[in-house]
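Structural features, examined
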Amino acid sequence: MKKILLLLIFLITTININAQEKKWTLQECVEYALNNNISIQQSELDLEAAKIDKSDAIGNYLPSVNGNASLSWNTGLTQNVTTGVLENQTTRNFSTGASVGVSLFEGLRNLRMLQRSKMARVASEYSLNKMKEDIALFVANAYLEVLVNKETLKVLNEQNQVTQQQLNRTQDLVDAGVVPNGDLLQIKATNAKERQQIIAGENMVKISLINLAQILLIQDYENFQISDQEFDIPVTDILNKSVYDIIDSAKEEKYEVKIAEKNMELAKKDVQIAKSNYYPRLSGFFNYNARASNADGFGPTIPFVEQLYTYDGISYGLSLNISVLNGFSARNSVKRSKINVMRSENNLEQAKLDLESNVYQAYVDASGAKEAYEAAQVAYESQQLAYDYSSERYDVGLSNSFELSESKFRLADVESQLIRAKYDYIFKIKVLELYFGIPISELKL
């Protein structure tokens, strides 16, 4: 028993350690969000509702079948079913029946309702896919923000390690009387400032991790960590393409336009459905009925089952309903549907204009991000050379600690800018590729 208890404790401890050590990759974060995001779940429910609407439309073609039964007792002056004389008696009456009704013509309403339900289902699928794209990009942006903050923090720590080495070396030089104490104080001030930056950087990492965890609906903020992935600048020719080619591709591939187009088709179908109210409605029916009755206190009566098939009957026929005057409801319904068509057409044009504007903006953003990244690379390389030169001058006593600290701060600043420019460029390239029609599942970072 003791061994089993120890084994359980070991297993639980191992599970907890593994849970705490789990580090999420970008792909895992995106997949988790797609499976658990509330907005996506809502869109999936909309799709399920659209499937049910289609089932309703198919059901309109099926006949309606209903059964009925009634059992009652009457006490008082009633007709004796045997003699036909009115007498005070108690009778038991039973009736049963079945009816079948089928719609033969409703101005093609059922057909158009079925067509509309298929369109609505496609529109729901488009909305779901668009939601998945938006969530995936949202998660990717939050994930990259964590990486930016973590790499920035890494730079700050590396710079501070250099400062610590300089501090120790300067302390030795001061003790030897080679450099003045002012240089040591300057290095200490630099170290204190860098420690403040490190604390601020650690807080930025925590805040960005919490933000990503909240997007993923993960509540264990303390143990949530991402893997230390390194992403290279993607090899792509997207910026070599004409912005007009990207716009044309986006209009064909992006779900914003597809949703607007499908909504316009739905609005036009609603006009046809509304016009079906102008036509007469023809339906067929078939009814079967049987009954039985028994009076207490009187002579023999026909057995119950025999009465059912003796007193049964059927009725069948056609029913024609012609709408002559309905308070203009049919006509006004058609007018409202036509107005909705015009609105949907305007929405489609607006969706195309918005998409065109967004593609232009994404193209400009990606181009600008590329230039900013290239400029940041040049600035970093230049500042690295400047810092190396300043460090060499300081080592031979040609510059003071203040100049060295200023050079190091400038190096840390441009390196942080390079990190942010790199991930900003990566993200904006992926957004532009998404507009070009590359599926979200193929956007590899």
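Residues numbered from 1 in each chain as written. Predicted model: local features only at pLDDT ≥ 70, side-chain atom pairs only at ≥ 80, totals over all residues. Heavy atoms only, no water.

1. Here we look at the overall build of the protein chain
Applicable threshold: Elements are defined by DSSP. Helices are runs of H or I of four residues or more, strands are runs of E of two residues or more, and each kind is numbered from the N terminus. Here the globule rule reads 2.2 Å times residues to the power 0.38, and the radius of gyration is calculated from C-alpha atoms. Partly exposed residues are those whose accessible area sits between 20% and 50% of the maximum for their type, while under 20% is buried and over 50% is exposed, using a 1.4 Å probe and protein chains only. Areas reported here follow the Shrake-Rupley algorithm with a probe of radius 1.4 Å; residue values treat only the protein chains shown as occluding. Under the counting rule used here, the positive set is Lys and Arg, the negative set is Asp and Glu, and His together with the chain ends is not counted. Where a charge sits is defined by one atom per residue type, namely NZ (Lys), CZ (Arg), CG (Asp) or CD (Glu).
Counting its regular elements, the protein chain contains 10 helices and six strands. Radius of gyration (C-alpha) of the protein chain: 40 Å, far over the 22 Å computed for a compact globule of 445 residues. Projected onto the principal axes, the alpha-carbon positions of the protein chain cover approximately 140 × 75 × 35 Å. Expressed as a percentage of its 445 residues, the buried residues of the protein chain come to 34%. With an accessible surface of roughly 26,500 Å², the protein chain has 54% of that area assigned to carbon and sulfur atoms. Side-chain charges of the protein chain comprise 46 positive and 56 negative groups, with the mean position of each set lying 8 Å from the other.

2. Side note on the packing of helix 9 (residues 329-395) against helix 10 (residues 401-436)
Threshold: Lines fitted to C-alpha atoms define the axes, with helix axes restricted to the stretch in contact, and inter-axis angles between N-to-C directions lie between 0 and 180 degrees. Should an angle lie under 35 degrees it is considered roughly parallel, over 145 roughly antiparallel, and from 65 to 115 roughly perpendicular; all remaining angles are considered oblique. In this scheme the handedness of a crossing depends on how the near helix is turned from the far one: anticlockwise by less than a right angle means left-handed, clockwise means right-handed. Basically, the charged four are Asp, Glu, Lys and Arg, the nonpolar ten are Ala, Val, Leu, Ile, Met, Phe, Trp, Tyr, Cys and Pro, and anything else, Gly included, counts as polar.
Packing of helix 9 against helix 10 leaves a shortest axis separation of 7 Å and a crossing angle of 155 degrees. One element, helix 9, and the other, helix 10, form an angle in the roughly antiparallel class. The handedness of the crossing between helix 9 and helix 10 is left-handed. Per-class residue counts for the contact of helix 9 with helix 10 are 24 nonpolar, nine polar and nine charged.

3. Some words on the pattern of salt bridges
For the record, the criterion: Only one rule defines a salt bridge in this text: a Lys or Arg side-chain nitrogen within 4 Å of an Asp or Glu carboxyl oxygen.
Summed over the entire model, instances satisfying the criterion amount to 12 salt bridges. Close ionic contact of E145 with R420 constitutes a salt bridge, the shortest N to O distance being 3.5 Å. Here the residue E145 occupies a position in helix 4 (residues 109-175), and R420 occupies one in helix 10, the gap between them amounting to 275 residues. What makes E145 partly exposed here is its relative accessible area of 30%.

4. Regarding the confidence of the model for the protein chain
Selection rule: Within a predicted model, pLDDT stands for the predictor's per-residue confidence, ranging from 0 to 100. Here a residue-residue contact requires only that any non-hydrogen atoms of the pair lie within 4.5 Å.
Residues at a pLDDT of 70 or more form 91% of the protein chain, whose mean pLDDT is 83. Considering each helix and strand of the protein chain separately, the mean pLDDT is smallest for helix 1 (residues 2-21), with a value of 44, and largest for helix 7 (residues 255-275), with 92. Predicted confidence is poor over residues 1-20, with pLDDT under 50, and the contacts of this stretch with residues over four places away or in other chains come to one contact.

5. A word on unusual backbone geometry
In terms of backbone geometry, most residues other than glycine have negative phi values and most peptide bonds are trans. For L108, which is not glycine, the phi torsion reads 65 degrees and is therefore positive. Along the chain, the position of L108 falls in the loop between strand 3 (86-105) and helix 4. Although it is not a glycine, L217 adopts a positive phi angle of roughly 65 degrees. With respect to the helices, strands and loops of the structure, L217 is situated in the loop between helix 5 (181-215) and strand 4 (225-226). Since its relative accessible area comes to 44%, L217 is described here as partly exposed.

6. Structural notes on the nonpolar core
Rule in force here: Nonpolar cores are built from buried Ala, Val, Leu, Ile, Met, Phe, Trp, Tyr and Cys residues. Side-chain atoms within 4.5 Å join them into one set.
Membership of the largest hydrophobic core comes to 64 residues, with the highest contact counts inside it found for V139, L212 and F224. Residue assignment for this core shows that the elements contributing at least two residues are helix 2 (26-36), helix 3 (38-59), helix 4, helix 5, helix 6 (243-253), helix 7, helix 9 and helix 10. Sorting elements by how many residues they give to this core places helix 4 first, with 15 residues.

7. What to know about the packing of helix 2 against helix 3
For the pair helix 2 and helix 3, the least separation of the axes is 6 Å and the interaxial angle reads 50 degrees. Our classification of the angle between helix 2 and helix 3 gives oblique. Where helix 2 approaches helix 3, its residues A33, L34, N35 and N36 are matched on the opposing element by I38, I40 and Q41.

8. Quick look at the packing of aromatic side chains
Condition: Pairs were defined over the aromatic rings of Phe, Tyr and Trp, the Trp ring being its six-membered one, requiring ring centres within 6.5 Å. Orientation was assigned from the angle between planes: stacked under 30 degrees, edge-to-face over 60, tilted for the rest. By the criterion adopted, a ring carries a charge over it if an Arg CZ or a Lys NZ lies within 6 Å of its centre and within 35 degrees of its normal.
What the rule picks out here adds up to seven aromatic pairs. Consider the rings of W24 and Y32, whose centres lie 5.1 Å apart with planes at 85 degrees: the pair is edge-to-face. Taking the relative accessible area as the measure of exposure, W24 reaches 14% and is therefore buried. Taking 6.4 Å as the distance between ring centres and 15 degrees as the angle between the ring planes, the aromatic pair formed by F286 and Y316 counts as stacked. Remark: Y316 occurs in strand 6 (residues 313-321) and F286 occurs in strand 5 (residues 281-296); sequence separation between them is 30 residues. Exposure remark for Y316: the relative accessible area of 60% places this residue in the exposed category. Grouped by ring-pair contacts, the aromatic residues W24, Y32 and F224 constitute a single cluster. In this structure, K22 packs its charged tip against the face of W24, placed 4.8 Å from the ring centre.

9. With respect to the environment of R343
With respect to the helices and strands, R343 occurs in helix 9. Taking relative accessible area as the criterion, R343 reaches 53% and is therefore assigned exposed. Note: C-alpha distance between R343 and N263 (80 residues apart in sequence) is 9.9 Å.

10. Description of a nonpolar patch on the surface
Quick reminder of the rule: Patch membership needs two things, relative accessible area over 30% and no salt bridge, and members are linked within 9 Å if like-charged or within 5 Å if nonpolar (Val, Leu, Ile, Met, Phe, Trp, Tyr).
A cluster of nonpolar side chains, namely Y61, V102, L104, F105, L108, L111, Y278, Y279 and L318, defines an oily patch on the protein surface of about 850 Å² accessible area. Of all the elements, strand 3 adds the most residues to the nonpolar patch, at three residues. Within the secondary structure, F105 is located in strand 3. The class of F105 is partly exposed, set by a relative accessible area of 35%.

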